[in-house]
Amino acid sequence: MKISAEQLAIREAQERDIPALAAIYAADEVGSHGDTTDPEALADYSRAFDAIAASPNESLYVVELEGEIVGTFQTVILNKLVGRGSVSMAMEAVQTRSDMRGQGIGAIMVDYCIDKAKKLDIGTVQLVSNVARLDAHRFYERLGFERRHFGFRMKLK
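Here the residue index of a chain counts from 1 through its sequence in written order. Only residues with pLDDT of at least 70 get local features here, since the model is predicted, and only at 80 or more are side-chain atom pairs given and counted; chain-wide, interface and lining totals rely on the full set of residues. Side-chain metrics in this entry use all non-hydrogen atoms of the structure; hydrogen atoms and water are not considered.

**Quick word on the overall build of the chain**
Counted only if it meets this: In DSSP terms, a helix is any run of H or I states spanning at least four residues, a strand is any run of E spanning at least two, and both are numbered starting from the N terminus. C-alpha atoms define the radius of gyration in this analysis, and the globule rule sets the expected value at 2.2 Å times the number of residues to the power 0.38. Classification of residues uses two cut-offs on accessible area relative to the type maximum, computed with a 1.4 Å probe and protein chains only: under 20% is buried, over 50% is exposed, and between them is partly exposed. Every residue pair with non-hydrogen atoms within 4.5 Å of one another is taken to be in contact. All accessibility values rest on the Shrake-Rupley procedure with a 1.4 Å probe; residue burial counts only the protein chains present in the view. Positive charge is attributed to Lys and Arg, negative charge to Asp and Glu, and no charge count is given to His or to the chain ends. Lysine's charge is taken at NZ, arginine's at CZ, aspartate's at CG and glutamate's at CD.
Looking only at helices and strands, one finds five helices and five strands in the chain. Scaling as 2.2 N^0.38, a compact globule of 157 residues should have a C-alpha radius of gyration of about 15 Å, and the chain matches this with 16 Å. When its C-alpha atoms are laid out on the principal axes, the chain stretches across 45 × 40 × 30 Å. Looking at the 157 residues of the chain, the share that counts as buried comes to 35%. Sequence separation of 24 or more characterises 60% of the internal contacts of the chain that already satisfy a separation of 6 or more. Element-wise, carbon and sulfur atoms account for 53% of the exposed surface of the chain, whose accessible area totals about 10500 Å². The average position of the 19 basic charges and that of the 23 acidic charges among the side chains of the chain differ by 7 Å.

**Describing the pairing of strand β4 (residues 87–96)**
Test applied: The pairing criterion for strands is at least two bridges between them, as found by DSSP. A clockwise course of the path from the first strand over the helix to the second, judged with the strands pointing away from the viewer, identifies a crossover as right-handed.
Pairing between strand β3 (residues 68–79) and β4: eight bridges, direction antiparallel. Counted as the bridge partner of Gln74 is Glu92 from β4. Pairing analysis gives four bridges linking β4 to strand β5 (residues 124–127), with the strands arranged parallel. Within β5, the residue paired with Met89 across the bridge is Val125. As for the winding sense of the linkage, the β-α-β connection from β4 through helix α4 (residues 105–119) to β5 is right-handed.

**Thoughts on the sheet that holds strand β1 (residues 8–12)**
The criterion, for reference: With axes taken as lines fitted to C-alpha atoms, and helix axes fitted only over the stretch in contact, angles between N-to-C directions fall between 0 and 180 degrees.
Taken in spatial order, the five strands make up an open sheet running β1-β2-β3-β4-β5, and their pairing is mixed. Lying at the two open borders of the sheet, with one neighbouring strand each, are β1 and β5. Looking at each pair of strands side by side, their axes are set apart by 25° on average, direction ignored. Contacts from α4 reach β1, β2 (58–65), β3, β4 and β5 within the one sheet, and its direction differs from that of β4 by about 160°.

**A closer look at helix α1 (residues 18–26)**
Here is the rule: What the arc measures is the spread of directions leading from the helix axis to the C-beta atoms.
Ile18, Leu21, Ala22, Ile24 and Tyr25 are the residues of α1 that are buried. Buried residues in α1, looked at end-on, bunch into an arc of 160°, giving them a common side. Lining the buried residues of α1 we find α2 (42–54), β2, β3 and β4.

Rendered as structure tokens:
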């Protein structure tokens, strides 16, 4: 069953949403970000939430279905000198609750980001995806994204 955009509420996350978001992240076995529902980690999530909320260029969203959080994503607006002062929007942590996948929520989240970027006159929307997420890669390509870059990462902690 596909869920329509009209059935969902997308809003900026509030601090009270942190436990539900941590649960979505912790259920992600591919990401290996070390997320957990352990109450002792709440301070770490709260610190990050406060930094995101204070940033004029970052937004953290939740997606609700009948009052339950079923998805989340984050956007970051990047002002750059390259490309003659171009502006892009990066989508991060696009996650649908595991029991809700395959119902169209991910596409609605991506469409929301694209629409927001268009309203802000942003020329490019970009994202990165874990190399192991082959289904996600096909999903993003179906939505019109193309593979353009090869990413590198160095973990320091």
